[in-house]
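# Understanding the architecture of this molecule
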Amino acid sequence: MTDLIRFLQETSYPGRGIVVGKDRVYYFIMGRSENSRNRIFELTDDGIRTKAFDESRMSDPSLIIYHPVRKIPGALIVTNGDQTDTIRDFGDFRKALMTREYEPDCPNFTPRISAALYENGSFELSILKHKDGKCLREFFCYEGCEEGKGYFISTYQGDGNPLPSFAGEPMEVTMPEPEELWGALNKDNKVSLYTNIKGEIRLFNKHLGD
């Protein structure tokens, strides 16, 4: 099992990441460009959305403004893009993601990562990524998780040009507390963090001094 704090401290740019544990889920975003860094998380009636911190500095909202978290009947959906809405509209995690693919941001072709957490404690993770000019759709289903353990998936494996996509199964990781995870993210690249522990939601936003 990987120490998530150490991994994040040693990885300057995992991009966007989802961590699912027994009683909690975390989602964070990072950015290298001014446009990507100019964001905060904001609560909505059914979850959260990304929002420009300074509207006058937002040059391109596509791919960075979306609802990362939405509550739907029987499940909590967490993703790194507007596929959150696709899953909500379909009402079926797998069927919805079979209609989507990686982001069209050549040369990175950022993967779409998604999670669905169900009321019985089971959950699913997915990554849609570019491979040999086509979309590789991977799904991972879990019946639950042990105390103190989590499963982590991110868009990238680290920094680079182009950015290297996450590879392999979701990582089995130690499950830190919210402040620990926020503190472990690269101080220059981190943007925002959402944490949900037994329904208690917290938002960390770099632009708001968190």
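Whatever comes next refers back to the structure up there.
Report follows, based on the coordinates. Treat the numbers as computed from the prediction; the structure is a model and nothing was measured.

Here we come to the overall build of the chain. Of regular secondary structure, the chain possesses 5 helices and 13 strands. Relative to a compact globule of 210 residues, whose C-alpha radius of gyration would be 17 Å, the chain shows 16 Å and is just as compact. For the C-alpha atoms alone, the extent of the chain along its principal axes is close to 45 × 40 × 35 Å. Going through the 210 residues of the chain one by one, you find that 54% of them count as buried. When contacts within the chain are restricted to residue pairs at least 6 apart in sequence, those whose partners lie at least 24 apart make up 54%. Working note: accessible area of the chain is about 9800 Å², and carbon and sulfur atoms make up 46% of it.

Another point: the pattern of salt bridges. By the definition in use, this model includes 17 salt bridges. The salt bridge involving Arg24 is made with Asp23; its shortest N-O contact spans 2.9 Å. Overall, the relative accessible area of 12% leaves Arg24 in the buried class. One salt bridge connects Asp82 with Arg112, and the closest N-O pair in it is separated by 3.5 Å. Here the residue Asp82 occupies a position in the loop between strand S6 (75-79) and helix H3 (83-90), and Arg112 occupies one in strand S7 (residues 112-118), the gap between them amounting to 30 residues.

About the cut-offs
Sequence order sets the numbering: in each chain, residues are counted from 1 along the sequence as written. Given that this is a predicted model, residues contribute local features only at a pLDDT of at least 70 and side-chain atom pairs are listed and counted only at 80 or more, while totals for whole chains, interfaces and linings are drawn from all residues. Heavy atoms from the whole structure form the basis of all side-chain values; hydrogens and water molecules are not counted. Secondary structure elements follow DSSP: runs of H or I of four or more residues count as helices, runs of E of two or more count as strands, with numbering from the N terminus. To get the radius of gyration, use the C-alpha atoms; to get the globule rule, take the number of residues to the power 0.38 and multiply by 2.2 Å. A simple rule labels every residue: compare its accessible area, found with a 1.4 Å probe on the protein chains alone, to the largest value its type can have, and call it buried under 20%, exposed over 50%, or partly exposed in between. By definition in these notes, contact holds between two residues if any of their heavy atoms fall within 4.5 Å. The protein chains shown are the only cover counted for residues, whose accessible areas, like all others here, come from Shrake-Rupley with a 1.4 Å probe. The salt bridge criterion pairs a side-chain nitrogen of Lys or Arg with a carboxyl oxygen of Asp or Glu, the two atoms within 4 Å.

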